[in-house]
Amino acid sequence: MKFGSVPDPENVDFTLPADHPGTATVLGKSQFKERPAVYVGCAKWNRSDLKGFYPRGTKDELSYYATQFNSIELNATFYNFYNQEQFKAWADKTPDDFRFFPKINQMISHLKRLNDVGQYTDEYCHALAGLEDKLGMVFLQLHNNFAPKNWDRLEKYLTEFPKGIPLSVEVRHTDWLNDPDVSDKFYELLEKNNVSNIITDTAGRRDLLHMRLTTPDVFIRYVGANHDSDYQRLDDWIERLGSWIATGGLRNIYFFVHQNIEKASPLLSAYFIEKLNKDLGFNLHIPNSGDQTSLF
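What counts as what
- The numbers attached to residues start from 1 for each chain and follow its sequence in the written order.
- Owing to the predicted nature of the model, reporting of local features is limited to residues with pLDDT of at least 70; listing and counting of side-chain atom pairs is limited to 80 or more, with chain, interface and lining totals taken over all residues.
- The basis for every side-chain value is the complete set of non-hydrogen atoms in the structure, without hydrogens or water.
- Secondary structure follows DSSP: runs of H or I at least 4 residues long count as helices, runs of E at least 2 residues long count as strands, and numbering of each begins at the N terminus.
- The globule rule is 2.2 Å times the number of residues to the power 0.38, and the radius of gyration it is compared with is taken over C-alpha atoms.
- A 1.4 Å probe rolled over the protein chains alone gives each residue an accessible area, and that area as a share of the maximum for its type sets the label: buried under 20%, exposed over 50%, partly exposed in between.
- Two residues form a contact once any of their heavy atoms are found within 4.5 Å.
- We define a nonpolar core as any set of buried Ala, Val, Leu, Ile, Met, Phe, Trp, Tyr and Cys residues linked to one another through side-chain atoms lying within 4.5 Å.
- The rule for pairing is simple: two strands pair if DSSP sees at least two bridges between them.
- Between N-to-C directions, angles span 0 to 180 degrees; the directions come from axes that are lines fitted to C-alpha atoms, helices contributing only their stretch in contact.
- Patch membership requires more than 30% relative accessible area and the absence of a salt bridge. Residues of like charge join within 9 Å; the nonpolar side chains Val, Leu, Ile, Met, Phe, Trp and Tyr join within 5 Å.
- Computed by Shrake-Rupley with a 1.4 Å probe, the accessible areas treat only the displayed protein chains as cover when residues are assessed.
- For this analysis, a salt bridge means a side-chain nitrogen from Lys or Arg found within 4 Å of a carboxyl oxygen belonging to Asp or Glu.
- The charge count includes Lys and Arg as positive and Asp and Glu as negative, but it does not include His or the ends of the chains.
- Charge coordinates come from a single atom per side chain, which is NZ of Lys, CZ of Arg, CG of Asp or CD of Glu.

(A) Seen up close, the overall build of the protein chain. Looking only at helices and strands, one finds 11 helices and 9 strands in the protein chain. A globule of 296 residues ought to have a C-alpha radius of gyration of about 19 Å, and the protein chain, at 18 Å, matches this closely. If you line up the protein chain on its principal axes, its C-alpha atoms span 50 × 45 × 40 Å. In the protein chain, which comprises 296 residues, the proportion classed as buried is 57%. Restricting to contacts in the protein chain with at least 6 residues of sequence separation, those with at least 24 account for 77%.

(B) Structural context of unusual backbone geometry. Here the phi dihedral of Arg 113 falls at roughly 55°; this positive angle occurs in a residue that is not glycine. Its place among the elements puts Arg 113 in the loop between helix 5 (106-111) and helix 6 (118-128). Of note in the backbone geometry, Leu 114 takes a positive phi value of approximately 70° without being a glycine. Relative to the assigned elements, Leu 114 resides in the loop between helix 5 and helix 6.

(C) Structural detail: the nonpolar core. With 78 residues, the main nonpolar core has Tyr 65, Phe 100, Leu 154, Trp 237 and Trp 244 as its most contacted residues. Among the elements that take part in this core, helix 10 (residues 229-247) stands out by supplying 6 residues, more than any other. Other than its neighbours up to four places away in sequence, Trp 237 contacts Leu 16, Ile 199, Asp 201, Leu 209, Met 211, Ile 220, Tyr 222, Trp 244, Phe 255 and Phe 272. Counting residues in hydrophobic clusters, the runner-up holds 8 residues, among them Phe 139, Ile 198, Tyr 254 and Phe 256.

(D) A look at the sheet that holds strand 8 (residues 217-224). With parallel pairing, the 6 strands of this open sheet are ordered in space as 3-2-1-9-8-7. In this open sheet, the two strands that pair with only one neighbour each are strand 3 (99-102) and strand 7 (199-201). Each strand axis lies, on average, 25° off the axis of its neighbour in the sheet, ignoring direction.

(E) Looking closely at a negative patch on the surface. A grouping of Asp 96, Asp 97, Glu 132 and Asp 133 is seen on the molecular surface, where their side chains present a negatively charged patch. By the secondary structure assignment, Asp 133 is in the loop between helix 6 and strand 4 (138-141).

What follows is the structure, encoded as structure tokens:
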């Protein structure tokens, strides 16, 4: 993913911000007392993006991918509408504990900008039924210029979105998170509608990096810079996740690894999963990173 890429990541301050006070409140209200489930994956499974990941002779990329990871951020649904049969075909290629995290189609979010999109949303959600129990969480990514002046559209969309489908939102206009008069109302809107507030961690948009959970589910889109600093950044995330787990109330951790050059995503994911297992006591399968031995 090229979003937030910079030519000189060594000059970026990658320090994670302090927790927003509202995060402790959300976790404190949570009724979930067990250890959270953890899902880690990449953004795509196709061979052209994950060069070197698939063993020679691999006939079905998704089937192999699902032996290495327990989830996928399904960006294909942003570009195309798929029918229920296609979602079922994808689901049938994966194990029972695998989860899909589909992105809402661009017709809804970017072209129509949430205006008069009821029919498109109904069609999209109806098709998702093909995933059955393998649907993790849907995510709505808003355009960079979708600003708080469009509040009414977002409020209406979140309020009317089917409540049986877990939903999260990624905003890319800075005012949603950094204008105090807006952000408090925004977080309240998400909490009221049980919508998760996606955390985007990318080098060139540190203004979008926040630590404000609005549900007991944390959804992190991590964008590496194909730089040595990527490893320390992941170490910092292990520490932060550990603190939230210790606080209690966290239900799910969804962590998706992107890279400016995506072929390195499995390598970085393997490092992150190994640290999760070692430092936080999980037992996730450590994926094979193929012939990729460098982030560059």
